[in-house]
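One letter stands for each residue in the lines below.
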Amino acid sequence: MDEQPTLPKAPGSSQLPDAMRLKLDDLLRQLIDRAQEVLRTEGRLQGLVRATQSITSHLDLPTLLQHIVVEARILIGARYAALGVVGDNGLLTEFVHDGMDAETVARIGHLPTGGGLLGELITRPVPLRLAHLSDHACAVGFPPGHPPMTSFLGVPVRIRSQVYGNLYLTEKADGTDFTREDEDLALSLAAAAAAAIDNARLYDTVARREHWLQAASALTNDLMRIEDRDEALALATLAVQTAAEADHAAVLVSDGAGVMRFAAAVGPDADRVIGVAPPEGSPVLLAARERRPVLFDDLREHDEIHGPIKDLGIGPMLAVPLAAQDQVLGALVLGNRPGRAIFTPQDVHMVQEFATQAALVLLVAASRAASKELDLAEERARIARDLHDHAIQGIFAVGLGLNGLSLKVGGTDGERMIELVDQLDDAIKSIRRSIFALQRPVGSDPGLLARLGRVVARATETLGFAPVLRTHGDLDGAVSMDVGDDLLAVVAESLSNVVRHAGATSVGVSVQVGLDLVLEVHDDGVGIGSPTRTSGLANMRSRAERHGGSCEIGVGTAGGTSIRWAVPLTGD
C-alpha cells in the first residue's frame, strides 16, 4: 500500500465537531484513492496503447509473436508469459514464451504440446483466471526443473471467429492475484494481437505467392532453353527445393518402359533415390496416379509406408502430381528433417501451382523436341534419298563408263581404269553405309556398322593415318549383339597391335557377311615378328573360338601382318 499523505486541514476545522471532521477526512481519502486509481488505470491504458503500437509495427510473424508475449508480460505485470499456437490437430504447434532464461528452458526440455490446463483452454476457449492453478481439475503439475507458478490468467486469441491460439500469463510480479482488470487488459491486447497476426499472415501469404511466382517464372525461362529431359528435371527439382526452403526434393517420372522412377533428387543422400522405383502403396505413386496431394506431418510415424523417400528419414513430407493438360508426367515430392516446419495447406497450394507450371513447360519442351526430331528425321530421309537416287546412280554410271572404256583401251591405262572402278565401288559402299546410318531413327542405339566405323576412326589419331574400311553384307541385320561386340574388340586390338609393333603406313580392314562373318586386317609394316606380349592375340583367338570360329595371324602376301578372324553365322 502507498503511504497516505497528510490531509490538509480545512479552514476553521478547529471549530468543526469531531464527527464532521472525521467524515470530511474520510471523504478526502476516498477522493485521493479514486484519483490514484484513475491515474493507475490511465497508465495501464497508455501501456495498452504502447503495446498495441509495438506489436502492430511488425510484419514478420515469428518476430511478431515474440513481441506479443513480451508486451503482455510487461502490461499485465506478470513474471512469465507465453503464446501457444493451436494447430489443426488440436495441439500446440508453436509455444512462444518470455520470462525464463535459456538455462531454465534447457533444463525443462521439450515445450508444452497442449495437455493439462493448457489443453482446457484449447477445448474451451474462454478467459480463465486462477489464484492457484494447481487447484484446477485439469492441472497435471510441472516437469522437473520448471519454476514454481501459482496464479494464472489465460485468454484466447481469435482471428475471424477462429481460435488462433491462447495467451498465458502466470505469477503476478507483486505477488497478488490476477484481477478482472488484468483479464480485460489481456483480452484487449489479445484482440490487437489477433489483428496484427492476421495482417502478418496476409502479408506473408502475398510475399510467398510472389516468391513462388518468381521461382516458376525463372524456371520456365530456363526450361525453354533446355532440350535434355534429365537436365530439365534436375533443374526443376532444385528450383522447387529452393523455393520451398525444403531439405529434400525429388521428381518421379516414367522411365520410358512404363515404370515410375525418381529421375532427379536433391538434398542429403539424394544419390540413394535417383533411379529407384518406389514400391506399390507409396504416397508418391499415390499422388501421381490419383492426381491429388499427399501430406504427412511426420512420415516416420507411418510404419506401413516403405520406399526410398521413407529411407531418407524425413519427417514432414508433401507429394503433389506433376500434371498439366490432362497428362500426368509423375509426381513432385518435398521433405524436411524431423523437427522442422510441417507443410501447410498454403504450401500445398503453392507447390501444386508450381508443379503444374513446370509440367506444362516440360510438355511444351517435349512437344518441341518431338517436332524437331520429326523435322530432322524427314531431312535425314531426304538426304538418304538424294544420295541413293543421285549420288550413287551418278557414280555407278561413271563406273560403268570407265569399265567399258577399259575394255577398249586395254594395257596399262585399262588396268588403271579398272582400279578407278574399284575405288568408285568402295565410294558407293561408303555412301550406302551413310544411308543406313541416316535411316536409323534419331536417338536410337547405333548399329554395328556405325560402331565399327567409330572404332576404325578412333585409330586414325594414334596411327597417324586413316585406315581403309570395307564392308560387304548386312552387318546390322545378320550379326548378333554378342558376336558384334567381339568383332569390335578384335578390330580394336588388331589396330592397337599395328600401332605398337608394325610401323606401318597403311592398314586395311575388311568385314564380310555371308554364311560366316569374316574380318581381315592387313598392314604394310615389318611383320608380326616375335612379340613379347601375346595376351591380345590370345584374346582374339578366344573370342573366335567362343562362337565356334577361328583366328589366323600371319604374314600378308605383300609383307606386313595379316589377321583373319572368322565365326559362323548360321546359328544367328
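Quick look at the structure, then. What you see is a predicted model; the values in this text were computed from it and never measured. (Residues numbered from 1 in each chain as written. Predicted model: local features only at pLDDT ≥ 70, side-chain atom pairs only at ≥ 80, totals over all residues. Heavy atoms only, no water.)

**Structural notes on the overall build of the chain**
Right, on to step 1. Within the chain, the regular secondary structure consists of 14 helices and 15 strands.
Right, on to step 2. The buried share among the 572 residues of the chain stands at 38%.
Right, on to step 3. Counting contacts in the chain only where the partners sit at least 6 residues apart, residues at least 24 apart contribute 60% of the total.
Right, on to step 4. Carbon together with sulfur atoms contributes 54% to the accessible area of the chain, which is approximately 31300 Å² in total. (Helix = DSSP H or I, 4+ residues; strand = E, 2+ residues; numbered from the N terminus. Buried < 20%, exposed > 50% of the residue type's maximum accessible area, 1.4 Å probe, protein only. Contact = heavy atoms within 4.5 Å. Areas by Shrake-Rupley, 256 points an atom, 1.4 Å probe, with all protein chains shown as cover.)

**Here we look at the packing of aromatic side chains**
Right, on to step 1. The final tally for this structure, using the stated rule, is 2 aromatic pairs.
Right, on to step 2. A ring pair is formed by F152 and Y168, whose centres lie 6.4 Å apart and whose planes are at 35°; its orientation type is tilted. Here the residue F152 occupies a position in strand β4 (residues 152–159), and Y168 occupies one in strand β5 (residues 162–172), the gap between them amounting to 16 residues. For the pair F152 and Y168, a shared accessibility class is recorded, and that class is buried. (Phe/Tyr/Trp six-rings, centres within 6.5 Å; stacked < 30°, edge-to-face > 60°.)

**Some points on unusual backbone geometry**
Right, on to step 1. For E245, which is not a glycine, the phi torsion comes out positive at approximately 55°.
Right, on to step 2. When you line up the elements, E245 lands in the loop between α6 (229–244) and β6 (248–254).
Right, on to step 3. At D269, a residue that is not glycine, the phi angle is positive and equals roughly 60°.

**Some words on the pairing of strand β12 (residues 507–513)**
For a regular strand, side chains alternate in direction, first toward one face of the sheet and then toward the other.
Right, on to step 1. Residues V507, V509, V511 and V513 of β12 are buried on one face, while the alternating residues G508, S510 and Q512, pointing to the opposite face, are not.
Right, on to step 2. Both strand β11 (residues 468–472) and β12 contribute to a ladder of 5 bridges, which runs parallel. Counterpart to V468 in the pairing with β12 is G508.
Right, on to step 3. As defined by bridge partners, β12 adjoins strand β13 (residues 516–523) across 7 bridges and the pair is classed as antiparallel. The partner of V509 across the bridge, within β13, is V521.
Right, on to step 4. Linking two consecutive strands that pair antiparallel, namely β12 and β13, is a turn of 2 residues. (Pairing = 2+ DSSP bridges.)

**Examining the pattern of salt bridges**
Right, on to step 1. Tallied over the full model, the rule gives 15 salt bridges.
Right, on to step 2. Across the salt bridge formed by R300 and D298, the nearest N and O atoms sit 2.8 Å from each other.
Right, on to step 3. Residue classification places R300 among the partly exposed residues on the basis of a relative accessible area of 45%.
Right, on to step 4. Overall, the relative accessible area of 14% leaves D298 in the buried class.
Right, on to step 5. The structure contains a network of salt bridges with shared partners spanning D247, R337 and R340. (Salt bridge = Lys/Arg side-chain N within 4 Å of Asp/Glu carboxyl O.)

**Details of the sheet that holds strand β10 (residues 327–335)**
Right, on to step 1. Taken together, 5 strands build an open sheet; the order of strands is β7-β6-β10-β9-β8 and the sheet is antiparallel. The sheet is open, and its two borders are formed by β7 (260–266) and β8 (294–296), each paired with just one other strand. Each strand of the sheet is rotated relative to its neighbour by a mean of 20°, with strand direction disregarded.
Right, on to step 2. Pairing of β6 with β7 involves 6 bridges; the strand directions are antiparallel. Paired with A249 across the strands is V266, a residue of β7.
Right, on to step 3. Relative to β6, α6 is tilted by about 145°, and along the sheet it contacts β6, β7 and β10. (Axes fitted to C-alpha atoms, helices over the stretch in contact; angles between N-to-C directions.)

**Looking at the pairing of β13**
Right, on to step 1. Of the strand pairs in this sheet, β13 and strand β15 (residues 561–568) are connected by 7 bridges, and their pairing is antiparallel. In the sheet register, V521 faces β15, and the bridge partner there is I563.

**With respect to helix α2 (residues 61–76)**
Right, on to step 1. With 16 residues, α2 ought to run about 22 Å at 1.5 Å a step, and its terminal C-alpha atoms sit 22 Å apart, in line with that.
Right, on to step 2. The complete set of buried residues in α2 reads L64, L65, I68, V69, E71, A72, L75 and I76.
Right, on to step 3. Where α2 ends, the next residue or the one after it, G77, has phi of about 80°, a positive value. (Expected span 1.5 Å × (residues − 1).)

**Focus: helix α4 (residues 116–123)**
Right, on to step 1. Within α4, 6 of the 8 residues are buried, leaving the element largely enclosed by the surrounding structure.
Right, on to step 2. Within the span of α4, buried status applies to L117, L118, G119, E120, L121 and I122.
Right, on to step 3. Buried residues belonging to α4 abut β1 (78–86), β2 (92–98), β3 (128–130), β4 and β5.

**Thoughts on the side chain of K310**
Right, on to step 1. In this fold, K310 is placed in helix α8 (residues 308–311).
Right, on to step 2. Residues contacting K310, with those up to four places away along its chain left out, are L299, R300, H302, D303 and I305.

**With respect to the side chain of S494**
Right, on to step 1. Relative to the helices and strands, S494 resides in helix α13 (residues 481–502).
Right, on to step 2. Look at S494 and you get buried, because its relative accessible area is 1%.
Right, on to step 3. The residues contacting S494, other than those within four sequence positions of it, are V521, M540 and I563.

**Some words on the environment of A358**
Right, on to step 1. Looking at the secondary structure, you find A358 in helix α9 (residues 345–409).
Right, on to step 2. Exposure remark for A358: the relative accessible area of 4% places this residue in the buried category.
Right, on to step 3. The spacing of A358 and T237 is 121 residues in sequence and 9.9 Å in space, taken between C-alpha atoms.

**Comments concerning the sheet that holds β4**
Right, on to step 1. In space, the 5 strands of this open sheet follow the order β2-β1-β5-β4-β3, with antiparallel pairing throughout. For this open sheet the edge positions go to β2 and β3, each flanked by a neighbour on one side alone. When the angles between neighbouring strand axes are averaged without regard to direction, this sheet yields 15°.
Right, on to step 2. In terms of strand pairing, β3 meets β4 through 3 bridges, oriented antiparallel. Looking across to β4, one finds that L130 is bridged to F152.
Right, on to step 3. Set on the sheet, α4 makes contact with β1, β2, β3, β4 and β5; between it and β5 the angle comes to about 140°.

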